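What follows is each chain in one-letter form.
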Amino acid sequence: ADTMAPVVMEATQRAADTMAPVVMEATSRVAETAAPVLDSVGRAVDASIVDPLQGAAESMGRTIDGTIVTPFQQAVDASANAVGKAVDDAIVNPLEQAKLAMPPVPSMPALPKMPETSVRIGDVRLF
């Protein structure tokens, strides 16, 4: 193994050095040949499948918006406005009117000052 390892390594390296340019050239030629075919297949898939599906999805989205989402949102907005108006009419406005109709609150006279008293128990002052 110690004698053969360097020989095998050298042979492997020479084979790699010799084959690398050949493999690179073959890969390049395959890529050059396949690229136009793959581009053509990609355009055909886009035109026959992807674009029609995307158009159908966009159309379906507009239909859903027009027939479901927008009317529902309008109904929710109308309901919220009606509830807000009902609350204003039944609660807020009467309270505002009652507040405006109330006579002003007379000012309270100052409370007389109480004499300061304290209670002591022994050396402890309670208040």
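All right, on to the overall build of the protein chain then. Within the protein chain, the secondary structure is distributed over 1 helix and 2 strands. Seen in sequence order, the protein chain has helices and strands lined up from the N terminus as α-β-β. The globule rule puts the C-alpha radius of gyration for 127 residues at 14 Å, and the 46 Å found for the protein chain is more than 25% above it. For the protein chain, the distance from the average position of its 9 positive side-chain charges to the average position of its 16 negative side-chain charges is 17 Å.

The next thing to look at is helix H1 (residues 4-101). The end-to-end C-alpha distance of H1, which contains 98 residues, comes to just 112 Å, noticeably less than the 146 Å that a straight helix rising 1.5 Å per residue would cover. The largest bend in H1 comes to about 45°, at Asp 88.

Scored by pLDDT, the protein chain comes out at a mean of 87, with 98% of its residues at no less than 70. Per-element mean pLDDT across the protein chain ranges from 74 in strand E2 (residues 124-125) up to 90 in H1.

Looking now at a nonpolar patch on the surface. Residues Val 37, Val 41, Val 45, Ile 49, Val 50 and Leu 53 make up a contiguous nonpolar surface patch of about 500 Å² in total accessible area. By the secondary structure assignment, Val 50 is in helix H1.

Here Thr 12 lies in helix H1. Taking C-alpha positions, Thr 12 is 108 Å from Pro 103, a pair spaced 91 residues apart along the chain.

About the thresholds
Residues numbered from 1 in each chain as written. Predicted model: local features only at pLDDT ≥ 70, side-chain atom pairs only at ≥ 80, totals over all residues. Heavy atoms only, no water. Helix = DSSP H or I, 4+ residues; strand = E, 2+ residues; numbered from the N terminus. Rg over C-alpha atoms; globule rule 2.2 N^0.38 Å. Lys, Arg positive; Asp, Glu negative; His and termini not counted. Charge placed at Lys NZ, Arg CZ, Asp CG, Glu CD. Expected span 1.5 Å × (residues − 1). Bend = angle between axes of the 7 residues up to and from the residue. pLDDT = per-residue confidence, 0-100. Patch = residues over 30% accessible without salt bridge, like charges linked within 9 Å, V, L, I, M, F, W, Y side chains within 5 Å. Areas by Shrake-Rupley, 256 points an atom, 1.4 Å probe, with all protein chains shown as cover. Salt bridge = Lys/Arg side-chain N within 4 Å of Asp/Glu carboxyl O.

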